[in-house]
Amino acid sequence: MFLQQERISLINKKRNSFFNRIMNNFYFPWKKIKKSFSSRKLIVGILITEKCNLNCVYCYEKYKTNKNITLSKMQEIISYVMNANSIWTDIEFRLLGGEPFIAFNLIREVVEWTFAKKWPKRCSFKITTNGTLLDEEMKRWLRQYRNRICVVLSLDGPAYVHNKNRNDSYSNIDYAFFREIWPQQFIKMTVNKNTISELFNSIVYIQDYLGLNVSFSLAGGVKWDKKDLEAFEEEQKKMMIFYTEKKNKLPPLYDIDLARILYPRKSNRQCGIGHNVVAYDTDGNSFPCHLFLPNVIGKKNIPQFSELANDQFLVDDYCKGCIIENICPTCYAFNFIERKNCNMRDHNFCAFYKSIIKYSALHKMNRYSKQFYFNRNELKEIEAILFLNENL
């Protein structure tokens, strides 16, 4: 059990009081629950350059070359996707590297060409960058297209943390520019063995000192061990206290729909690979996602789209019957890179994700204990949290 008995008693008391009010026909301001219809979005990654000006310690691109894609090849890909007779109404083009801004002139040409044309679909661009190459000319142009291009900054924390991972590059980034142009966008922070003990300090620094939102993830392809788990637990304890006192929203990693553990298992697909995700290399060849590109995985034995479109192909028998199977994430590409099998997960990571779920439940229960009214979704999630408390 990870919940205090007093917290459980308080929630149950509030739930019982809530149900009594319903039964006695008291007025209750129900929050309207609408069916959400997400847009039919296709995510299209285009590798525009394999070059990079850094050599990050956790970089998964093991087969980089000096190749760039040509403008004509990019135009060919974009025209094909935008004119294709398909179910997709919204296209998000993700311009990939290497470091994409090495090929800034190419970015500018293809973006301006795209938005100068009329298409039967809507589109936007997203670029992830290390932020070290943006000069004044680039910034002026990005300001002009700020509503059509989203640029995501990779940043791992304060200088003494960031520089451990990313070649002493901290001082070359204009943080004020990202805060000005994309204030709601989350910074992409990657945590590895060298920096996991600084997770809390890094999040607080980025949020409170730099004034930027932050989303973190644990580096893939890393041999996490028990010592790392202990450090992760300590950092999460500090985060829970901080977020409770500051009333800030938790990083997206903790925004988990815990109620899903109560539903029958249908599909545990964790991403759109094989469905609404595709990536193109510098030669214009298509792959299931950016992690299956040749600069990451090489050119041999790459899984086919048809295999990855089959949900059963992605099921790990080891996980069947686990109470968190419905909400446990994995990366099929890293599974393939490390174990040559898309469905074979890193079982050493189980304890880490159970820890994340535990702290997500603790934070949500803390919030629910301060409420008096609950909508149906919240009641279901409370039921899931109590179940997790007994069984996780």
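Let me begin by describing the structure that accompanies this report.

Here is what the cut-offs are and how they apply
Residues numbered from 1 in each chain as written. Predicted model: local features only at pLDDT ≥ 70, side-chain atom pairs only at ≥ 80, totals over all residues. Heavy atoms only, no water. Pairing = 2+ DSSP bridges. Helix = DSSP H or I, 4+ residues; strand = E, 2+ residues; numbered from the N terminus. Contact = heavy atoms within 4.5 Å. Axes fitted to C-alpha atoms, helices over the stretch in contact; angles between N-to-C directions. Buried < 20%, exposed > 50% of the residue type's maximum accessible area, 1.4 Å probe, protein only. Left-handed = near helix turned anticlockwise from the far one by under 90°. Nonpolar A, V, L, I, M, F, W, Y, C, P; charged D, E, K, R; others polar. Right-handed = clockwise from strand over helix to strand, strands pointing away. Core = buried A, V, L, I, M, F, W, Y, C linked by side-chain atoms within 4.5 Å. 1 Å grid on protein atoms, 1.4 Å probe; cavity = no way out; pocket = protein on both sides within 12 Å on 5 of 7 lines; lining within 4 Å. Points joined across faces, edges and corners; volume = space filled by probe spheres on them. Salt bridge = Lys/Arg side-chain N within 4 Å of Asp/Glu carboxyl O.

1. Details of the sheet that holds strand β4 (residues 149–153)
Here comes step 1: Taken in spatial order, the six strands of this open sheet run β4-β3-β2-β1-β7-β8, and their pairing is mixed. A single partner strand is all that each edge strand has here, and the edge strands are β4 and β8 (286–287).
Here comes step 2: As paired elements, strand β1 (residues 41–47) and strand β2 (residues 90–96) share seven bridges and run parallel to each other. Directly across from Lys41, in β2, lies its bridge partner Asp90.
Here comes step 3: Together, β1, β2, β3 (122–129) and β7 (277–280) form the strand contacts of helix α2 (residues 71–83), whose direction differs from that of β2 by roughly 160°.

2. Some remarks on the environment of Ile203
Here comes step 1: The residue Ile203 is located in helix α7 (residues 199–209) in this model.
Here comes step 2: Of the residues examined, Ile203 reaches a relative accessible area of 1% and is grouped as buried.
Here comes step 3: If we skip the residues at most four places from it in the chain, Ile203 touches Met189, Val214, Phe216, Met239, Tyr243 and Pro251.

3. Focus on the packing of α2 against helix α3 (residues 104–115)
Here comes step 1: Taken N-terminus to C-terminus, the directions of α2 and α3 make an angle of 35°; their axes are 10 Å apart at the nearest point. The two elements α2 and α3 cross, and the hand of that crossing is right-handed. Contact with α2, carried on its side by Leu71, Met74, Gln75, Ile78 and Ser79, involves Leu106, Glu109, Val110, Trp113 and Thr114 of α3 and no other residues of that element.
Here comes step 2: Looking at the contact of α2 with α3, its residues break down into six nonpolar, three polar and one charged.

4. A few points about the pairing of strand β5 (residues 186–191)
Here comes step 1: Where β5 and strand β6 (residues 213–218) come together, six bridges link them in parallel fashion. Looking at β6, one finds that Val191 is bridged to Leu218.
Here comes step 2: For the handedness criterion, the β-α-β arrangement of β5, α7 and β6 is classed as right-handed.

5. What to know about the nonpolar core
In globular proteins that are soluble, nonpolar side chains generally tend to be buried together.
Here comes step 1: Formed by 93 residues in total, the largest nonpolar core has its most connected members in Ile46 and Phe93.
Here comes step 2: It is helix α12 (residues 350–368) that contributes the most residues to this core, eight residues altogether.
Here comes step 3: Apart from residues lying up to four places away in sequence, Ile46 is in contact with Ile69, Met74, Ile77, Ile78, Phe93, Arg94, Leu95, Leu96 and Tyr280.
Here comes step 4: Among the nonpolar cores identified, the runner-up in size contains 21 residues, and Leu47, Ala279, Phe287 and Val296 belong to it.

6. What to know about empty space enclosed by the protein
Here comes step 1: Following the criterion strictly, the structure yields three cavities of 30 Å³ or more and no others.
Here comes step 2: If you go around the second largest cavity, the residues you meet are Val151, Val152, Leu153, Phe178, Trp182, Gln185, Phe186, Ile187 and Leu212.
Here comes step 3: Elements represented by at least two residues in the lining of the second largest cavity include exactly β4 and β5.
Here comes step 4: Sorting elements by how many residues they give to the lining of the second largest cavity places β4 first, with three residues.
Here comes step 5: In the lining of the second largest cavity, the residues fall into eight nonpolar, one polar and no charged.

7. Focus: the pattern of salt bridges
Here comes step 1: All chains considered together, the criterion is met by 18 salt bridges.
Here comes step 2: Between Glu137 and Arg108 there is a salt bridge; the shortest N-O distance is 2.8 Å. Separated by 29 residues along the polypeptide, Glu137 in helix α4 (residues 136–144) and Arg108 in helix α3 bring together distant segments of the chain.
Here comes step 3: Owing to a relative accessible area of 37%, Glu137 belongs among the partly exposed residues under this scheme.
Here comes step 4: Where Glu234 meets Lys237, a salt bridge forms, and the shortest distance between an N and an O atom there is 3.3 Å. Taken as a pair, Glu234 and Lys237 lie in helix α8 (residues 226–246) at a separation of three residues, close to a single helical turn.
Here comes step 5: Classification of Lys237 as partly exposed rests on a relative accessible area of 40%.
Here comes step 6: Linked by salt bridges that have partners in common, Lys41, Glu92 and Arg94 make up one network.

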